[in-house]
Amino acid sequence: MAQSRKIGVFGAGWVGLVTGACFAELGHEVIVRDVMPDRIDALRAGQAPFHEADLPEVLERNRDRIRYTLDADELADADVLFICVQTPPTYSGDADLSFVWSALDDLPRGESGRQVLVMKSTVPVGTGEKVRAALDGRGLTNVGYVSNPEFLAEGHAVHDFLNPDRIVIGAFADEDGAAVEALYGGIEAPVLRTDVASAEMIKLAANAFLMTRISFINEIANVCEAVGADVVEVAKGVGLDHRLGPHFLRAGIGYGGSCFPKDSLALKQLASNSGYHFHLLSAVIEVNELQKRRVVQKLQKHLGKLRGKKIALLGLAFKAGTDDMREAPSLVLASRLLAEGAEVRAWDPVARPGDLMKGAVLYDSVLEAVEGADAAVIVTEWDELRGLASKDVRDAMARPLILDGRNLLDPAETRAAGFAYEGIGRPSSPFEALPETAEPETRVQN
Ligand code: UGA
């Protein structure tokens, strides 16, 4: 068990709340500050502002140890201050650090002893150096600086925080690194103590590597389609090699979310700003863009022109277990389909895209969404969609075509249930499977 410390958190977003909640769970006293009055009011009323497994329970269980405020001065007596604000991409692809700088402007001046400022937000390598210089310039030499990147994945962030693969701590001064390490007392995990720039790079490199695996398996999937192999089997066989491992080898319609797209651009930009062209990362990003659009070509292969065709998009969130729509492949898909003149009918158990998906109609149930549809596309791997190949769905659809963008269904079972099936990187049903369909005008290629 860690010795209880006072922890201040800047930002009541997803990272800030999970961080605050989990440190409270570890026995620390936490105060979370945000600039949005509505959010603070909601949190005080016991409402978590987004869908994240276990978060409401952990917040509730620790309500005596966690407070919320709009006033940064209330963080003045915190021993450690975590910066958990957003770092969105700017037009140039660089990370926008304005939220980080405004948190620094609001930094309370603690009366007593040393305070440690900890960067959880994902920032370009070199940010720590700049912040250190800014702190020194303001005479805040009693404030230490540590980079302690987060490796949380949405949907199981609380579990990831409390059961991490590793804790990375980059510090300028040993005592500051030790103070941050002590906060994690009670968690079993290797701790890597390193310099600030390397800690910053570890975060960007880890995400880039995960994205590389996804784009790699997606390209293997595209080759599988051309040569008649099944990428699910291929990934299984490849992943059994202990040097490669089974993770992040699920082929699909491309990665999305608040992290990967933003972080890949930030790393690419960081490299090119330093005079290095990161060829591999550029290819990873391009493959991902093409992968989202390939779905449209596949639909055209089966349905011919999409003008006037009804397409059901099932699942809208960028992955299952979250209501997050940021950079979700469904957004690109919906826009492309609407541009082709298709009618887009959408369903998701929790995500509500609102204006992000203007022109698409949202339905409350899968059955309503597939009513009269010429194709149903599985966009997000929600468990609710595992039973999609049912008689009810078959009867509701105008044409029984399932395009499984996540390889969620069993192709043979789906065909046996009377559907034409097209997955990602798996042998697909020939277009003749839909007798009423005209000879395709477009072949899938990219
Ligand atoms: C990701 C990382 O997994 C976290 O370690 C990291 O901390 C986080 O970004 C971040 O930088 O904050 P997250 O974006 O929540 O977490 O989601 P992932 O589970 O990694 O999935 C990202 C995208 O990749 C999703 O669209 C998912 O569908 C896709 N994906 C993932 C695949 O297409 N195939 C796979 O095999 C795995």
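The rules behind each value
- Residues numbered from 1 in each chain as written.
- Predicted model: local features only at pLDDT ≥ 70, side-chain atom pairs only at ≥ 80, totals over all residues.
- Heavy atoms only, no water.
- Helix = DSSP H or I, 4+ residues; strand = E, 2+ residues; numbered from the N terminus.
- Buried < 20%, exposed > 50% of the residue type's maximum accessible area, 1.4 Å probe, protein only.
- Core = buried A, V, L, I, M, F, W, Y, C linked by side-chain atoms within 4.5 Å.
- Contact = heavy atoms within 4.5 Å.
- Phe/Tyr/Trp six-rings, centres within 6.5 Å; stacked < 30°, edge-to-face > 60°.
- Pairing = 2+ DSSP bridges.
- Axes fitted to C-alpha atoms, helices over the stretch in contact; angles between N-to-C directions.
- Disulfide = S-S within 2.5 Å.
- Near = heavy atom within 4 Å.
- Polar contact = N/O pair within 3.5 Å; in protein donor to acceptor, adjacent residues only side chain to side chain.
- Nonpolar A, V, L, I, M, F, W, Y, C, P; charged D, E, K, R; others polar.
- Salt bridge = Lys/Arg side-chain N within 4 Å of Asp/Glu carboxyl O.
- Expected span 1.5 Å × (residues − 1).
- Parallel < 35°, antiparallel > 145°, perpendicular 65-115°, else oblique.
- Left-handed = near helix turned anticlockwise from the far one by under 90°.
- Arc of directions from axis to C-beta.
- Domains from an automatic or database assignment.
- Buried area = accessible area lost by both parts, 1.4 Å probe.

1. Considering unusual backbone geometry
- With a phi angle near 55°, Glu327 is a residue other than glycine that sits in the positive phi range.
- Of note, Glu327 is situated in the loop between β9 (310–314) and α12 (329–339).
- Not every positive phi belongs to a glycine, and Asn407 is a case in point at roughly 50°.
- Positionally, Asn407 belongs in the loop between β13 (401–404) and α15 (411–416).
- A relative accessible area of 15% places Asn407 in the buried class.

2. Focus: the nonpolar core
- Within the largest apolar cluster, 56 residues are counted, with the highest numbers of intra-cluster contacts made by Leu299, Leu313, Leu314 and Leu337.
- The residues touching Leu337, leaving out its near neighbours within four places in the chain, are Val296, Leu299, Leu306, Ile311, Leu313, Ala342 and Val344.
- Ile7, Cys22, Ile40 and Ile169 belong to the second-largest nonpolar core, a separate cluster that totals 39 residues.

3. A closer look at the packing of aromatic side chains
- What the rule picks out here adds up to eight aromatic pairs.
- Relative to Phe82, the ring of Phe23 lies with its centre 5.0 Å away and its plane at 35°, an arrangement referred to as tilted. Separated by 59 residues along the polypeptide, Phe23 in helix α1 (residues 14–25) and Phe82 in strand β4 (residues 80–83) bring together distant segments of the chain.
- Look at Phe23 and you get buried, because its relative accessible area is 0%.
- Judged by relative accessible area, Phe82 falls into the buried class, the value being 0%.
- Ring centres of Tyr145 and Phe172 lie 6.0 Å apart, and the angle between their planes is 40°; on these two criteria the pair is classed as tilted.

4. Let's talk about the sheet that holds strand β8 (residues 191–194)
- Taken in spatial order, the eight strands of this open sheet run β3-β2-β1-β4-β5-β6-β7-β8, and their pairing is mixed. Since the sheet does not close on itself, it has two edges, and those belong to β3 (66–69) and β8, each with one partner. With strand direction ignored, the average angle separating the axes of adjacent strands in the sheet is 25°.

5. Points about the state of the cysteines
- Throughout the structure, instances matching the rule amount to zero disulfides.
- The closest cysteine sulfur to the non-disulfide-bonded Cys22 is located on Cys84, 11 Å from its own sulfur.

6. What about the site of the ligand?
- In the vicinity of the ligand there are 20 residues, among which Glu150, Glu154, Lys203, Asn207 and Cys259 approach most closely.
- Within the backbone of Phe151, an N or O atom sits 3.2 Å from an oxygen atom of the ligand.
- Within the backbone of Arg250, one N or O atom sits 2.9 Å away from an oxygen atom of the ligand.
- Taken together, the elements giving at least two residues each to the shell around the ligand come down to α8 (196–227) and α10 (260–273).
- With four residues, the top contributor of residues to the shell around the ligand is α8.
- In terms of residue class, the shell around the ligand is built from 11 nonpolar, two polar and seven charged.

7. Concerning the pattern of salt bridges
- Counting across every chain of the model gives 31 salt bridges.
- Between Asp136 and Arg132 there is a salt bridge; the shortest N-O distance is 2.8 Å. Here Asp136 and its partner Arg132 are both found in helix α5 (residues 127–137), four residues apart, which amounts to about one turn of the helix.
- For Asp136, a relative accessible area of 37% translates into the label partly exposed.
- For Arg132, a relative accessible area of 13% gives the class buried.
- In this structure, Lys298 engages Glu422 in a salt bridge whose closest nitrogen and oxygen atoms are separated by 3.6 Å. Here Glu422 lies in strand β14 (residues 420–422) and Lys298 lies in helix α11 (residues 279–303), a separation of 124 residues in the sequence.

8. So, the environment of Lys120
- Here Lys120 shows up in the loop between β5 (115–119) and α5.
- In this structure Lys120 comes out as buried when scored by relative accessible area, which is 4%.
- The sequence separation of Lys120 and Val85 amounts to 35 residues, and the corresponding C-alpha distance is 8.2 Å.
- Residues contacting Lys120, with those up to four places away along its chain left out, are Val15, Thr19, Phe82, Ile83, Cys84, Asn148, Pro149, Glu150 and Tyr184.
- Within the structure, the side chain of Lys120 is placed 3.0 Å from the side chain of Asn148, a separation counted as a polar contact.
- A polar contact of 2.9 Å, which involves the side chain of Lys120, links it to the side chain of Tyr184.

9. With respect to α11
- For α11, with 25 residues, the first-to-last C-alpha span of 36 Å sits near the 36 Å given by 1.5 Å per residue.
- Within α11, 18 of the 25 residues are buried, which leaves it mostly tucked inside the rest of the structure.
- Looking one or two residues beyond α11, the residue adopting positive phi is Gly304, at roughly 70°.

10. A closer look at the packing of α10 against α11
- Running from amino to carboxyl end, α10 crosses α11 at an angle of 150°, the nearest separation of the two axes being 10 Å. Considered as vectors, α10 and α11 are oriented roughly antiparallel to each other. α11 is crossed by α10, and the crossing has left-handed handedness. For the pair α10 and α11, the contacting residues are Ser264, Leu265, Leu267 and Lys268 in the first and Leu281, Ser282 and Ile285 in the second.
- The class makeup of the residues in the contact of α10 with α11 is four nonpolar, two polar and one charged.

11. Here's the deal with helix α9 (residues 231–239)
- Within α9, the full set of buried residues consists of Val231, Ala235 and Gly239. Buried positions in α9, seen along its axis, are confined to an arc of 65° and lie on one side of it.
- The elements touched by buried residues of α9 are α8.
- For α9, the capping residue at the N-terminal end is Asp230, with a side-chain oxygen 2.9 Å from the backbone nitrogen of Val232.

12. Regarding the domain arrangement of the protein chain
- Each assigned domain of the protein chain is listed with its residue range as follows: domain 1 (6–194) and domain 2 (195–446).
- For domain 1 and domain 2, the distance between their C-alpha centroids amounts to 33 Å.
- Listed by partner, the interface residues are 30 residues for domain 1 and 27 residues for domain 2.
- For the pairing of domain 1 and domain 2, the buried interface totals around 2,300 Å² over both sides, and the portion due to carbon and sulfur atoms is 60%.
- It is His51, Val125 and Glu154 in domain 1 that bury the most area against domain 2; as a group they hold 30% of the surface buried on that side.
- Inspection of the region where domain 1 meets domain 2 yields one salt bridge.
- In this structure, the connection of domain 1 to domain 2 is made through nine residue pairs in polar contact (both at pLDDT 80 or more).

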